[in-house]
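Here are the chains, one letter per residue:
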Amino acid sequence: MSKFLWKGLLVSPAVLAASLVVSSTVIAAEQPVETFQTARANQLQLPGAAEPAAQPETAAQTAEPAPIASNLTADTIEKENLKAQEIPVSQQTKAPENTVAAAELSAEQTAVAAAEKPAAQPEQISQSTPPSAQPQAQSNVLEQINQYSTEGSSENAAGQVTSVSQLSDVRPTDWAFQALQSLVERYGCIAGYPDGTFRGNRAMTRYEFAAGLNACLDKVSELIRGGTGNLATKEDLASIQRLQEEFAAELATLRGRVDALEARTSELEANQFSTTTKLNGEAVFAVTGIAAGDDAEGREADRTTAFGSRVRLNFDTSFSGQDLLRTRLQVLNLGSFSANNTKTAEGELRFNAGPFAEASNTVGLDALLYQFPLGKNTTVILEANAGAADDFTNTVNPYFDGDGGSGALSNFGTRNPIYYLTGGSGIGLRHQFGDKLELSLGYLAGDAANPARGSGLFNGSYGALAQLTFTPSESFAVGLTYVNSYNFVTGTGSNASNFPARLGSFGLDSDSNLPVSSNSYGAQASLKLGRRIALGGWAGYTNQRILSNLATPTGSVQRGDQKIWNWAATLAFPDLLKEGNVAGILVGMEPRVTSSTNRSLPEDKDTSLHIEGFYQFNLSDNISVTPGLIWLTAPDHNNDNSDLVIGVIRTTFTF
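Residues numbered from 1 in each chain as written. Predicted model: local features only at pLDDT ≥ 70, side-chain atom pairs only at ≥ 80, totals over all residues. Heavy atoms only, no water.

Undergrad: Is there a simple way to think about the pattern of salt bridges in this case?
TA: When the charged atoms of two side chains lie near each other, side chains of opposite charge can form a pair. Applying the stated criterion to the full structure yields 14 salt bridges. Here R303 and E300 are joined by a salt bridge, their closest N and O atoms 3.0 Å apart. Owing to a relative accessible area of 54%, E300 belongs among the exposed residues under this scheme. Salt bridges sharing common partners tie together R312, R350, D390, D401, D403 and R415. (Salt bridge = Lys/Arg side-chain N within 4 Å of Asp/Glu carboxyl O. Buried < 20%, exposed > 50% of the residue type's maximum accessible area, 1.4 Å probe, protein only.)

Undergrad: How should I be thinking about the side chain of R312 in this particular structure?
TA: By the secondary structure assignment, R312 is in strand 4 (residues 306-317). Looking at R312, its side chain comes within polar contact range of the side chain of Q330, at 2.5 Å. (Helix = DSSP H or I, 4+ residues; strand = E, 2+ residues; numbered from the N terminus. Polar contact = N/O pair within 3.5 Å; in protein donor to acceptor, adjacent residues only side chain to side chain.)

Undergrad: Just checking my understanding: could you explain the confidence of the model for the protein for this structure?
TA: Interpretation of the predicted coordinates at a detailed level should be avoided for regions scoring low in pLDDT. The share of residues in the protein with pLDDT of 70 or more is 72%, and the mean pLDDT across the chain is 77. Here residues 1-139 is a poorly scored stretch, pLDDT under 50, and it has 256 contacts once near neighbours within four places are set aside; other chains count. Considering only residues more than four positions removed or in separate chains, one finds that residues 148-157, a stretch of pLDDT under 50, has 22 contacts. (pLDDT = per-residue confidence, 0-100. Contact = heavy atoms within 4.5 Å.)

Undergrad: Looking at this structure, I do not really get the nonpolar core. What am I missing?
TA: Looking at soluble globular proteins, one finds that nonpolar side chains tend to be buried together. Counting 24 residues, the largest nonpolar core has L349 and F351 as the members making the most contacts within it. Residue assignment for this core shows that the elements contributing at least two residues are strand 3 (277-292), strand 13 (533-546), strand 16 (560-574), strand 17 (582-596), strand 19 (623-632) and strand 20 (644-654). With near-sequence residues (within four places) excluded, F351 lies in contact with V284, A286, R310, L332, L334, G404, L409, V648 and R650. Core analysis: the second largest hydrophobic core is formed by 13 residues, L167, C189, I190 and C216 among them. (Core = buried A, V, L, I, M, F, W, Y, C linked by side-chain atoms within 4.5 Å.)

Undergrad: Looking at this model, I keep getting lost on empty space enclosed by the protein. Mind explaining?
TA: One water molecule sets the probe size; rolling that probe over the atoms shows where empty space is left. Inspection of every chain in the model, using the stated rule, returns 6 cavities of 30 Å³ or more. Taken together, P417, I418, L421, V489, T490, S497, T542, Q544, I564, W565, N566 and P591 form the lining of the largest cavity. Examining the composition of the lining of the largest cavity, we find that 3 residues originate from one element, strand 16, more than from any other. A per-class count over the lining of the largest cavity returns 7 nonpolar, 5 polar and no charged. (1 Å grid on protein atoms, 1.4 Å probe; cavity = no way out; pocket = protein on both sides within 12 Å on 5 of 7 lines; lining within 4 Å. Points joined across faces, edges and corners; volume = space filled by probe spheres on them. Nonpolar A, V, L, I, M, F, W, Y, C, P; charged D, E, K, R; others polar.)

Structure below.
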């Protein structure tokens, strides 16, 4: 077979054209995979083709597929040659020479490369299919189709070469050197790229094949009209027939694969989820419990083992390809330790019902936001429900901030607690000052949808955030953050740091929350040392002011200020033992009241350390298991309480 193939590559131009016609008839049978590619094909200029739209006779543009080698015989080709020799020289016109890159690839190789090349994943939005027994397989088919229709669209225009020596990346030792030399120097229907390269390993698109075929056909037509003697011999035509017989099975197989792909594509398009919306989700299963220790009141904490989950379904919609409308449905059924066991927000998990909250299996609307670009360097995020700082701000805590589904297990370990001093509905903005500096701004109201007095977008609780993030390199980042908030607490740290919302824990019998305002300042940094280790950490300071006096049946609270500090140091080991795995260790102090302006405001007399370790390993691309441990010394910043140890095994499914 190899002898026939090499001989076929080195025969006269008529033989080469015949070989290309044979394969192009098979490729012509392929229908456009996606309807929107039709318009794109009409707009695309074939490299090197003078008038592609005016050549309906080429095989690549034929509407009906031709049978394999149905009309290509030695007799018919020889008759055409004889007819061409009878044309008077005066009637001949010189056909333009068209050029194309990578025309030496055979049509069989081109079709296989186009049909099997995997697709690039769309950045924000893509078509999705409804749940079925094999969703992953359907997704892979769509990816193949997308890549098939877009491959090679961004390549530079090619230029004609007259000698194979002009191609800097072609060497005499290359297996196809003689074929290239013949096509370039003898037939003149091969082109190179402007940088003087040939790129022989690059896959050819159908557009490029059509242009290359057209160039060779023009050359053949020119030779025929010129009546030259450099036409196909009987031996050449016999070689063509043998090549047809040799590759008949491969061509038939290719035709069958294309037909099957078209059928599967039609089925997927008919049953696709949406043309504008992508469905993705996350399900977290967790087994957790307290192994030892006291609660904030000095009693032994309940050691009950709990099993629960958090499920999120995201509907990501794009209308222009650059915007994003996210609608998230969420259900939680894992209760919080702070409400049932520990009586303090220290050590609270990120994926449960939240600090001092009870869980249920009620499905509710969680995040609802719309993100769109405003100019080249600015992105605007409109938060309609359950907005958070990390929607528009870099929390500078890689490998730990996975919002509960990955990374750290606790609220405190996920990000600097001052980020929790804003949330709800409002607007966020991100602006890039070049590649290294970013400004994040945001305003979120906690009860924006309530028109009652003391609520709404501006009269109720709110948090306003500003941050400068400096990233001088891919391995280093620093963030400087300021947050001004009203009637928000972090939901981490001691009861004293959450004092306005935790009056009952101090014997003050009241259903009212104290109005408070706060100014918070934070600094976060992350540094990656090589591929296998990353350092990070943060420090946060909050000046919290109680704005009014409150009298209760059991006591009173006067106006005053609290100074609250928190800090943490992190150490991560990405790709530990296996690519994609992450091990993390965190040591820090959850928010602690270090001073207070009067005696009615509580102050933490001791210091509790938060020590957390986890190892997240991937069972597959969609399943990860994370065992971890949280150790709290002196819970609630009180040395009278025995150390708390919380164990967790988290399994995360993404789809």
